[in-house]
Amino acid sequence: MRLKAHLRRRCRERGLSKSSTTGKTSFHGELQKLTTKELNKAQCEILKTVQRDAFSNELTAIQNQSGKGSEMNANKRHRRKQQGYSRFHRLDPFIDADGILRVGGRLSCAEGSYESKHPAIIPQDHHITELIIRHCHIQTAHQGRGMTINQLRSSGFWVLSGSSTVSRLIRKCVTCRRLRGESQWQKMSNLPKDRVEPTPPFTYSCMDVFGPWVIKEGRKELKRYGLLFSCMASRAVHIETLNSMTTDSFINALRRFLSIRGPVRQLRSDRGTNFIGAEAELREGSNTHQDKIQEFLLRNDCDYIHFKFNVPSASHMGGVWERQIRSIRRVLETLLYEAGQQLDDESLRTLMNEAAAIVNSRPLTVDNLNDPTHPEPLTPNHLLTMKTNVLLPPPGHFQREDLYSRKDGGEFSISLTNSGSVGSESFSRVFNHVRNGLAHSVKPV
Ligand SMILES: [Zn+2]
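Small disclaimer: the values here were computed from a predicted structure and weren't measured.

A. Summary view of the overall build of the protein chain. In terms of helices and strands, the protein chain carries 19 helices and eleven strands. By the burial criterion, 37% of the 445 residues in the protein chain qualify as buried. In the protein chain, once contacts between residues fewer than 6 apart in sequence are set aside, the share between residues at least 24 apart is 60%. Taken as a whole, the protein chain presents about 28,100 Å² of accessible surface, with 51% of it coming from carbon and sulfur.

Written out as C-alpha cells, the structure reads:
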C-alpha cells in the first residue's frame, strides 16, 4: 500500500507539473485518469532513481561493458571489480530497454512473465526497498521470510542480500511480533521452604486427583481415579487409586499412602479443577469434605494446606504436581496402549504403580547425562529405595544360592534371610551419592 502511495504521489507530482504548465487538468482529475500503464511507468521511474542512487558505479561499468562487447580484458575486469560490480556479478545483470538493471540468468526462453524471469535489482538498504518488502510481506498475510522473498521475486524485484534484509524487516513488523512473538519471562519468586529443605521423602508432599479411568468389572463399567502424591523436595511420586470421589475413599487412600511412606508433615493440594471432564465431580469431592479430611490429617500431625485456585489460568501455581501428572499420563498412555484398553481394577492398580516407578526413575538433572566420568544421574528411586536398577549384591558374605529363592510360578524374589538390613558401607555410599547429587542437581522445576 505504501509503495502504491509512492507511485500515486509520483504520478500526482507529474500531473501537477503538467497542470501547472498547461492549466487545463485539475489534481483530482489527473488521479482519476491513472492507468496501469502510467503506474508501470511511474514504477520504472522510481526503480531507475533507486538504482541510480545505489548502483551508479555498477551501471556505468555495465554500460561500458555492453558498449565494448566481449573485448574486455583482465585489467578491465579487475577495475570493474574494484568499482563494486562484483557485488552482484553472479546475478549476470543487464540493463533492459527501459534502462532498469535486471537479473540475467538463463531463463529467457522459459515460460512466465518478463519481470519474474528478470527481476529488477534493488539495494538492501534503501527506503524504497523497505516499502516494497513491507508491501510483499503484507500481501502474503505476514508470512515468513521464504514466502515474502518468493512474493518479491514474483512481483519482479530482486533484493540484494534478500534473506537477511527480509528477516530484519520481519523482525521489526509489529503485526508479526504481536501474533507470533515469544512470550516474556516473568521473574520467578523464591521457592518455598518445603521445596528446598533436605528432608526424608514425602515429608512435604502435595497431591492431586486425576482421571477418571474406565474399568470393567463383570459387565459393568466403573470409574476409577488416580490420586497422585508428590514429594516437594525429591520430586518422587506415589499413586493410589480411588474407587470414588467420596471422602471415605479419599481417606482410605491417604491411610494407605501414610502407611507405606510414613508420616507427612505437610500436604498441599489445589481444588482439582484442572480436568474439565471430571471437573464437577472433583469440585464436589474436594469442596464438601475438606473439614473431615483436614481433621483426619491433623490427627496424623500433618498440616493441610489447601489452595483455593478457582481461576483456570492459575493452574501454574500448582506446577509442581501438575507437571508430574503430565508425566504420569504419558507413561500410562503407553502402558494402556500395550496392555489393551479394557482393564479391570487390579490391572489398573498395577499399571498405576508401574507408571509411578517409571516416573520415579527419571533423572533429576540432565547436566551430566552424557558424561561417562560422572556417576549415574540421581533419580527419585535412589532416594526412595536406595537401589539402582542394576541389583547390587547385598553386603556381607552370602552364598550365591541364598540371594534368590525360586517361588511357585517361576518368579524370583529376593531372599530376606540374610539381607534384611542394608549394610552400613553400602548405605553410606548411597547416601553420599544422594547428598552429592542433591548438591549439584536439584533444580527449581
Ligand atoms: Zn508481519
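B. Quick look at the packing of helix α7 (residues 127-139) against helix α8 (residues 145-154). Two numbers describe how α7 lies on α8: the axes approach to 9 Å, and their chain directions differ by 115 degrees. What the angle tells us is that α7 and α8 run roughly perpendicular. Handedness of the α7/α8 crossing: right-handed. Of the residues in α8, those in contact with Ile132, Ile133, Cys136, His137 and Gln139 of α7 are Thr148, Gln151 and Leu152. Its residues assigned to classes, the contact of α7 with α8 comprises four nonpolar, four polar and no charged.

C. View of the coordination of the zinc ion. Taken together, His137 (NE2), His142 (ND1), Cys173 (SG) and Cys176 (SG) make up the full set of protein donors to the zinc ion, lying 2.0 to 2.2 Å away. Seen from the zinc ion, its four donor atoms lie at angles of 94 to 122 degrees, and the figure they make is tetrahedral. Each donor residue of the zinc ion belongs to the same chain, and together they define the spacing H-x4-H-x30-C-x2-C. An identical accessibility class is assigned to histidine 137 and histidine 142; each is buried.

D. How the structure looks around the nonpolar core. One finds Phe210, Trp213, Leu228, Ile239, Ile328, Leu332 and Met352 to be the most contacted residues of the largest nonpolar core, which totals 24 residues. Those elements giving two or more residues to this core turn out to be β5 (204-217), β7 (237-242), α15 (319-339) and α16 (345-360). Per-element accounting of this core gives the leading share, eight residues, to α15. Beyond its immediate sequence surroundings of up to four residues, methionine 352 is in contact with Phe210, Trp213, Gly226, Ile239, Thr241 and Leu332. Core analysis: the second largest hydrophobic core is formed by 23 residues, Ala233, Leu258, Val264 and Ile293 among them.

E. Structural detail: the pattern of salt bridges. This structure, assessed with the given rule, holds five salt bridges. Two residues, glutamate 217 and arginine 224, come together in a salt bridge whose shortest N-O distance is 4.0 Å. Here glutamate 217 falls in the partly exposed class, since its relative accessible area comes to 38%. Residues arginine 256 and glutamate 240 are paired through a salt bridge, measuring 2.8 Å at the closest nitrogen-oxygen approach. Residue arginine 256 is found in helix α12 (residues 247-261), and its partner glutamate 240 is found in strand β7; the two are separated by 16 residues along the sequence. Among the residues examined, arginine 256 registers a relative accessible area of 35% and is labelled partly exposed. Where salt bridges share partners, they join Glu217, Arg224 and Asp345 into one cluster.

F. Layout of the side chain of glutamine 324. Checked against the element boundaries, glutamine 324 lands in helix α15. Using a relative accessible area of 2% as the deciding quantity, one classes glutamine 324 as buried. Polar side-chain contacts of glutamine 324 include one of 3.5 Å to the side chain of arginine 362. The contacts of glutamine 324, once residues within four sequence positions are left out, are Leu228, Ser230, Arg235, Val237, Val359 and Arg362.

G. Local environment of the packing of aromatic side chains. A complete count under the given rule lists three aromatic pairs for this structure. Taking 6.4 Å as the distance between ring centres and 85 degrees as the angle between the ring planes, the aromatic pair formed by phenylalanine 210 and tryptophan 213 counts as edge-to-face. Tryptophan 213 sits in the buried class, given a relative accessible area of 14%. For the pair phenylalanine 229 and phenylalanine 257, a centre-to-centre distance of 3.8 Å together with 0 degrees between the ring planes defines the contact as stacked. Here phenylalanine 257 lies in helix α12 and phenylalanine 229 lies in strand β6 (residues 220-231), a separation of 28 residues in the sequence. Residue phenylalanine 229 shares its accessibility class with phenylalanine 257, and that shared class is buried. Taken together, the ring pairs in this structure connect Phe202, Phe229 and Phe257 into an aromatic cluster.

What counts and how
Residues numbered from 1 in each chain as written. Predicted model: local features only at pLDDT ≥ 70, side-chain atom pairs only at ≥ 80, totals over all residues. Heavy atoms only, no water. Helix = DSSP H or I, 4+ residues; strand = E, 2+ residues; numbered from the N terminus. Buried < 20%, exposed > 50% of the residue type's maximum accessible area, 1.4 Å probe, protein only. Contact = heavy atoms within 4.5 Å. Areas by Shrake-Rupley, 256 points an atom, 1.4 Å probe, with all protein chains shown as cover. Axes fitted to C-alpha atoms, helices over the stretch in contact; angles between N-to-C directions. Parallel < 35°, antiparallel > 145°, perpendicular 65-115°, else oblique. Left-handed = near helix turned anticlockwise from the far one by under 90°. Nonpolar A, V, L, I, M, F, W, Y, C, P; charged D, E, K, R; others polar. Donors = N, O, S within 2.8 Å, 3.2 Å for Na, K, Ca; no water. Tetrahedral: all angles 85-135°; square planar, octahedral: opposite > 155°, others 65-115°. Core = buried A, V, L, I, M, F, W, Y, C linked by side-chain atoms within 4.5 Å. Salt bridge = Lys/Arg side-chain N within 4 Å of Asp/Glu carboxyl O. Polar contact = N/O pair within 3.5 Å; in protein donor to acceptor, adjacent residues only side chain to side chain. Phe/Tyr/Trp six-rings, centres within 6.5 Å; stacked < 30°, edge-to-face > 60°.

In short, the description is geometric, and any link to function would need to be established separately.
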